Amino acid sequence: MKNVALITGSSRGIGAAAAQLLAENGWSVCVNCIERDDLARELCDKLRAAGHEAMYYKADVADREAVAAMVRAVERELGYVTLLVNNAGVARQQQFQDIDAATWKRLFDVNLGGCFNCTQAVLPHMLHEHAGSIVNVSSIWGQHGASCEVTYSSTKHAIIGLTRSLAAELAPSGIRVNCVAPGVIDTEMVQVLGQETLDMLAGEIPLGRLGRPEEIAAAIAYLACDATYATGQVLTLDGGFVN
Ligand code: NAD
């Protein structure tokens, strides 16, 4: 069976690092994003120039029809998806009483709904083949409470629940479902915090620095490719930040 990976939210950051590493490991990859498709195209061009098979598809993971169209396009161009990395995510820092219903809904629609839509779209073939792997991207704030990030933290807790429950349901069908829980990783997402706060956070992390996207990508590839007896697991990568 051909190794085909769909990595959502992979124009930059953790997703881009995962697409790059998986391509280097011989996977045909679909890069997906909702914005900055110039970056996604650039990444695809770079992967193709290095001799890897890569395609790009712009779709909002919260949009079920767009996700279904994306998966059909991947099947046409690369083949059936055998690895799904549910990485696309958005964060928002605000006090609980300031959260409006639209923001609450949007974060759930993207972070959790995206996992639901993408997983349901790729599952028929995985079930048919009795094989496949899904890696979800949660957060340490899916394992611990986060002040001023109640919405984000709630979506990331839910992703861990989804991972564990789906792993139990799909194990008899030969499909593994695992999850990574990154700490503070040096990507565009955390730039909103400002350099001063990031320096302060780095000082509080026992390893003394933020994580690199490549370090999370390595864990995603490990769960997807090497950890063949692991399912329903959450792998925390946070430099020792929360114990
Ligand atoms: P990022 O903001 O650098 O990249 C996010 C990517 O997701 C982009 O490619 C963006 O286009 C895409 N995206 C956003 N909304 C989308 C949507 N609706 N549909 C499709 N694509 C969409 O973020 P990152 O730091 O690389 O984060 C990747 C994942 O890792 C997220 O799920 C995030 O919650 C999680 N995470 C990040 C950190 C961190 O410190 N950076 C920590 C823990 C977990």
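One structure accompanies this document, and this report is about it. As the structure is a prediction and not an experimental result, all values here were calculated from the model.

Concerning the side chain of Thr187
You can see Thr187 is positioned in the loop between strand E6 (175–182) and helix H6 (188–191). A residue is classified by how much of its surface remains accessible, and Thr187, at 13% relative accessible area, is buried. When residues no more than four places from it in sequence are discounted, the contact partners of Thr187 are Gly13, Ile14 and Pro213.

Comments concerning helix H7 (residues 195–204)
Helical geometry note: an α-helix holds 3.6 residues per turn, so side chains three or four residues apart project in the same direction. Restricting attention to buried positions, one finds in H7 the residues Leu198, Leu201 and Ala202. What you see down the axis of H7 is that its buried residues fit within an arc of 100°, all on one side. Among the exposed residues of H7, those oriented more than 90 degrees off its buried face are Glu196 and Gly203. Looking at the packing, one finds that the buried side of H7 touches H6.

A word on the sheet that holds strand E3 (residues 54–58)
A sheet is described by the order of its strands in space; here 7 strands give the open sequence E3-E2-E1-E4-E5-E6-E7, paired in parallel fashion. Each edge of the open sheet carries a strand with a single partner, namely E3 and strand E7 (234–237). Going from strand to strand, the sheet's axes swing by 15° on average, the running direction of each strand aside. Here strand E2 (residues 28–33) runs beside E3; their pairing, made up of 5 bridges, is parallel. When the bridges of E3 are listed, Val29 appears paired with Ala54. Against the sheet, helix H1 (residues 13–24) contacts strand E1 (4–7), E2, strand E4 (83–86) and E6, and its axis sits at roughly 170° relative to E1. Strands in contact with helix H4 (residues 101–129) are E4, strand E5 (132–137) and E6; relative to E4, the strand with the most contacts, it is inclined by about 175°.

Considerations on helix H2 (residues 37–49)
In this model, H2 (13 residues) spans 18 Å end to end at C-alpha, consistent with the 18 Å of a helix rising 1.5 Å per residue. For H2, the set of buried residues is Ala40, Leu43, Cys44 and Leu47. For H2, the angular spread of buried residues about the axis comes to 100°, placing them on one side. Seen from the buried face of H2, the exposed residues on the opposite side, beyond 90 degrees, are Glu42, Lys46 and Ala49. Among the structural elements, H1, E2 and E3 are those in contact with the buried residues of H2.

Some points on the pattern of salt bridges
Summed over all chains, the structure comprises 10 salt bridges. The residue Arg36 makes a salt bridge to Asp38 at a minimum N-O spacing of 2.8 Å. When salt bridges with common partners are traced through the structure, they connect Asp37, Arg41 and Lys58 into a single cluster.

About the thresholds
- All chains use their own residue numbering, which begins from 1 and follows the written sequence.
- The predicted origin of the model limits local features to residues at a pLDDT of at least 70 and limits the giving and counting of side-chain atom pairs to 80 or more, whereas totals for whole chains, interfaces and linings rest on all residues.
- The side-chain figures draw on all heavy atoms in the structure; neither hydrogens nor water molecules are used.
- A helix here means a DSSP run of H or I that spans at least four residues, while a strand means a run of E at least two residues long, and both kinds are numbered starting from the N terminus.
- Using a 1.4 Å probe on the protein chains alone, a residue whose accessible area is under 20% of its type maximum counts as buried, one over 50% counts as exposed, and one in between counts as partly exposed.
- Contacts are residue-level and defined by heavy atoms, with any inter-residue pair within 4.5 Å sufficient.
- Read the arc as the range of directions from the helix axis to the C-beta atoms.
- Here, a strand pair is defined by DSSP locating no fewer than two bridges between the strands.
- Lines fitted to C-alpha atoms define the axes, with helix axes restricted to the stretch in contact, and inter-axis angles between N-to-C directions lie between 0 and 180 degrees.
- For a helix, the expected span equals 1.5 Å multiplied by the number of residues minus one.
- One speaks of a salt bridge when a side-chain nitrogen belonging to Lys or Arg is within 4 Å of a carboxyl oxygen belonging to Asp or Glu.

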